[in-house]
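Coordinates in review
Here is what each chain is made of, one letter per residue.
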Amino acid sequence: MGERDDPGTIGRRVQRLRAERGLTQRQLAEPVYTPAYISTLESGRVRPSDDALRHLADRLGVAFDELASGHSARLVTELRLRLTEAQRTLAVGETEAAAGQYTGLLAEAETHGLAAERSAALLGLGECALETGELVAGRQYFERAEECMAGAPLPARVPALRGRAVAHYLAGELRYAVYLLETALDELNRGGLHDPDALLLLYASAIGPYMDMGAHARAAQAAELALALAPQSGDPALVARMHRSVARTLVAEGRLAEADASLAKAAELYRGLQIRTELANCHWMRGYVYAQDGQLERAEAELREALGMLSAKRAALYSSQVAVELADVLHRRGRSDEAAALLHDVLGHLSPERGAVHSAAAHRLLGIIAEDARRTEEAEEHYVRALSLLERAGAAGDLADLCRLLGDLLRRTGRVEAALDAYRTGLGHRTAPGTTTLGPAPAQPPL
C-alpha cells in the first residue's frame, strides 16, 4: 500500500465523511464491525487494518487511497501524468517551458502533501537548472529532492545525488563531485544493488571530473562500463508518447491503476532520453582516446557525435567541454582558424562560476594557437587567465602542464626569473600522467 496518515487523522476523516453522508456509527459498521469499533477508530485510538479501511471506503463511497491518505487517487494519477509531460518537454530541449511545468507541479504536490510527486518535481527543476547553467539553484533543488527521499533505497536516490555531483563538477569543485559519485558507486556495487540505470548515470557522470583531474584510466574504465550498461531502445520518445496517450484514455475511463502503470513506463523512457546526455559523455571519452592515439579523423567523428547529441538538448555547459576537445583535434589537424572560432564561441557561454575548467582549457588552447602564430602577448594573456581559473578549480594535472607552457614562453622572451617562478609553481602541482591523489577505485558491477 502507499502512504497512510496517522490513526488520529484517519479517524477524523472517517467521522467527517460519515457526518457528510448522514450515517450513524452503526450504519457505517454493519455488517462486519460494531459501533464501538467505529467510535474507537474515529477517536484515533486504533490503527485500522487494510480490510477495515476497504470496508469503510466502500460504505462511504470513496477510494481506499483517499480514505487512507486523504489524497484522491485521480488527483495523484493526473499529477503523475503531468510530470511525464514535463519530462517530455525537458527531454526535447524546451527547458524554460519544462521549468514552468515543474514549478506548478511542485506547488500542487506540496499543497496536497505528496512526497513522491514533490521529489519528482524537484528533480525536474534541478535538471532544468543544470541545462541553463544555474548551478547553485540546481544543487539546491537536488538537495531538497534527496531530503524528500531520505528513507528510499539508494538506487531511487541516485538521480538526485548524481545531479548534485554534476552541479559541483560544473562549478569547478572536481574532487567533491568525484567523492559523491564514487561513494554511491561503491555502495551500490558492494551492496549488490546492481541497478543498470543508476549505475549508468553515475559512471557516465564521473567521466568529466575524472578527465579534468587527470585520472584518464578511471575515465576510460567508467566510459567502458557505462556503454556496457546502456539500455537498448529503438525510439524511446515515440514509445513514451504512446504510453502517455494511453494513460490519458485510461484516466478518462477511471482505470487509474492501469493509467499509473502506463505512466511509469513513459517516465522510465523519458529518463532514458535524459541518459542520452550521459551517453554523449562516452562518445566524448572515445574521441579523447582516439585523439591521444593520433587517430584524429576518428576522434573528430566521435566528438562531433557527442556535440550533436548535447546540442540537440541545448545542454550548454556539457557541449562546451566537448567543443574544447573538438577544437584541440581541429587545431592538430591544421584547422586552427576553425578551432579558434569554436573556442571563442565556447567562452561566450562560460564564466569562472560556470565551467571554470573548460574556460581554462579554451584559454590554454587559444594561447597555443596564438603562440604558433607568433602573437606572444596574446598567448601569454590566455595562459595567465587559464592559470587563474585552474588554481580556483584545483585541476592539478592541467595546472602543471600550463605552468610549463607559460614558463617556456617567458623563457623564450628573455624573462628567465618569471619563467623559473612558473616552473616552480608547476612542479608544486606535478602528478604522473593519468594519476591523481584519489583513493582506491570503487567496486565494479558484475557485467
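This structure is a prediction, so every number in the text was calculated from the model and none was measured. (Residues numbered from 1 in each chain as written. Predicted model: local features only at pLDDT ≥ 70, side-chain atom pairs only at ≥ 80, totals over all residues. Heavy atoms only, no water.)

**Structural notes on the overall build of the protein chain**
- In terms of regular secondary structure, the protein chain is built from 22 helices and zero strands.
- Counting every position in the protein chain, which comprises 447 residues, the buried fraction comes to 49%.
- Of all intrachain contacts in the protein chain linking residues separated by at least 6 positions in sequence, the fraction that spans at least 24 positions is 62%.
- When the accessible surface of the protein chain is summed, it comes to about 20,300 Å², and 50% of that surface belongs to carbon and sulfur atoms. (Helix = DSSP H or I, 4+ residues; strand = E, 2+ residues; numbered from the N terminus. Buried < 20%, exposed > 50% of the residue type's maximum accessible area, 1.4 Å probe, protein only. Contact = heavy atoms within 4.5 Å. Areas by Shrake-Rupley, 256 points an atom, 1.4 Å probe, with all protein chains shown as cover.)

**Observations regarding unusual backbone geometry**
- Note that the residue after Glu-30, namely Pro-31, is joined by a cis bond; omega there is 0°.
- Residue placement: Pro-31 occurs in the loop between helix H2 (25-29) and helix H3 (35-42).
- Of note in the backbone geometry, Arg-374 takes a positive phi value of approximately 65° without being a glycine.
- Mapped onto the fold, Arg-374 is located in the loop between helix H19 (356-372) and helix H20 (376-393).
- Residue classification places Arg-374 among the exposed positions, given a relative accessible area of 72%.

**Brief notes about the packing of aromatic side chains**
- Under the criterion given, the structure shown has two aromatic pairs.
- Measuring from centroid to centroid gives 5.1 Å for Tyr-33 and Tyr-37, while their planes differ by 20°, and the two rings are stacked.
- Its relative accessible area of 23% is what places Tyr-33 among the partly exposed residues.
- On the numbers, 6.0 Å between centres and 25° between planes, the contact of Tyr-176 with Tyr-179 is stacked. Of this pair, Tyr-176 and Tyr-179 both sit in helix H11 (residues 174-190), three residues apart, which is roughly one turn of that helix.
- On the basis of relative accessible area, Tyr-176 is assigned to the partly exposed category, the value being 37%.
- Owing to a relative accessible area of 49%, Tyr-179 belongs among the partly exposed residues under this scheme. (Phe/Tyr/Trp six-rings, centres within 6.5 Å; stacked < 30°, edge-to-face > 60°.)

**Here's the deal with the pattern of salt bridges**
- In total, this model carries 26 salt bridges according to the counting rule given.
- Where Arg-304 meets Glu-338, a salt bridge forms, and the shortest distance between an N and an O atom there is 3.3 Å. Residue Arg-304 is located in helix H16 (residues 296-312), and its partner Glu-338 is located in helix H18 (residues 336-347); the two are separated by 34 residues in the primary sequence.
- When its relative accessible area of 35% is taken as the criterion, Arg-304 is described as partly exposed.
- Under the relative-accessibility criterion, Glu-338 is labelled partly exposed at 36%.
- Ionic contacts of the salt-bridge type, sharing partners, join the residues Glu-300, Arg-304, Arg-333, Arg-335 and Glu-338 into one network. (Salt bridge = Lys/Arg side-chain N within 4 Å of Asp/Glu carboxyl O.)

**Section: helix H9 (residues 135-148)**
- Helix length check: H9 (14 residues) gives 20 Å between terminal C-alpha atoms against 20 Å at 1.5 Å per residue, within 8%.
- By the burial criterion, the buried members of H9 are Leu-135, Gly-138, Phe-142, Ala-145 and Glu-146. All buried residues of H9 lie within an arc of 100° about the axis, which places them on one face of the element. (Expected span 1.5 Å × (residues − 1). Arc of directions from axis to C-beta.)

**So, the nonpolar core**
- Within the largest apolar cluster, 90 residues are counted, with the highest numbers of intra-cluster contacts made by Tyr-102, Leu-202, Tyr-203, Ile-207 and Leu-343.
- A per-element tally of this core places helix H12 (residues 196-213) first, with 12 residues.
- With residues near it in sequence (within four places) discarded, Tyr-203 still touches Leu-185, Asn-189, Ala-222, Leu-225, Ala-226, Leu-229, Ala-443, Gln-444 and Pro-445.
- Core analysis: the next-biggest nonpolar cluster, separate from the first, contains 19 residues, Ile-368, Leu-389, Leu-405 and Leu-406 among them. (Core = buried A, V, L, I, M, F, W, Y, C linked by side-chain atoms within 4.5 Å.)

**A word on the side chain of His-363**
- Looking at the element boundaries, His-363 is found in helix H19.
- A relative accessible area of 4% means that His-363 is categorised as buried.
- Within the structure, His-363 has its side chain in polar contact with the side chain of His-382 (distance 3.0 Å).
- If we skip the residues at most four places from it in the chain, His-363 touches Leu-347, His-382, Arg-385, Ala-386 and Leu-389. (Polar contact = N/O pair within 3.5 Å; in protein donor to acceptor, adjacent residues only side chain to side chain.)

**Topic: the confidence of the model for the protein chain**
- Overall, the prediction assigns the protein chain a mean pLDDT of 81, with 81% of residues at 70 or greater.
- In the predicted structure, residues 431-436 sits below a pLDDT of 50 and forms nine contacts with residues beyond four places in sequence or in another chain. (pLDDT = per-residue confidence, 0-100.)

**Description of the packing of H9 against helix H10 (residues 154-170)**
- Contact geometry of H9 with H10 gives a least axis separation of 8 Å together with a crossing angle of 160°. With respect to H10, the axis of H9 lies roughly antiparallel. Where H9 crosses over H10, the two elements pack in a sense that is left-handed. Along its contact with H9, which presents Leu-135, Arg-139, Phe-142, Glu-143, Ala-145 and Glu-146, the element H10 presents Pro-159, Ala-160, Leu-161, Gly-163, Arg-164, Ala-167, His-168 and Leu-170.
- The residue makeup of the contact of H9 with H10, split by class, is eight nonpolar, two polar and four charged. (Axes fitted to C-alpha atoms, helices over the stretch in contact; angles between N-to-C directions. Parallel < 35°, antiparallel > 145°, perpendicular 65-115°, else oblique. Left-handed = near helix turned anticlockwise from the far one by under 90°. Nonpolar A, V, L, I, M, F, W, Y, C, P; charged D, E, K, R; others polar.)

**A look at the environment of Arg-385**
- Tracing the chain through its elements places Arg-385 in helix H20.
- Put simply, Arg-385 and Gly-367 are 18 residues apart on the chain and 9.8 Å apart in space, counted from C-alpha to C-alpha.

**What about the packing of helix H8 (residues 115-132) against H10?**
- Between H8 and H10, the shortest axis-to-axis distance is 10 Å and the interhelical angle comes to 25°. It follows from the interaxial angle that H8 and H10 lie roughly parallel. The handedness of the crossing between H8 and H10 is left-handed. In contact with Leu-123, Glu-127 and Leu-130 of H8, H10 contributes Pro-159, Ala-160, Arg-162, Gly-163, Val-166, Ala-167 and Leu-170.
- Classifying every residue of the contact of H8 with H10 gives seven nonpolar, one polar and two charged.

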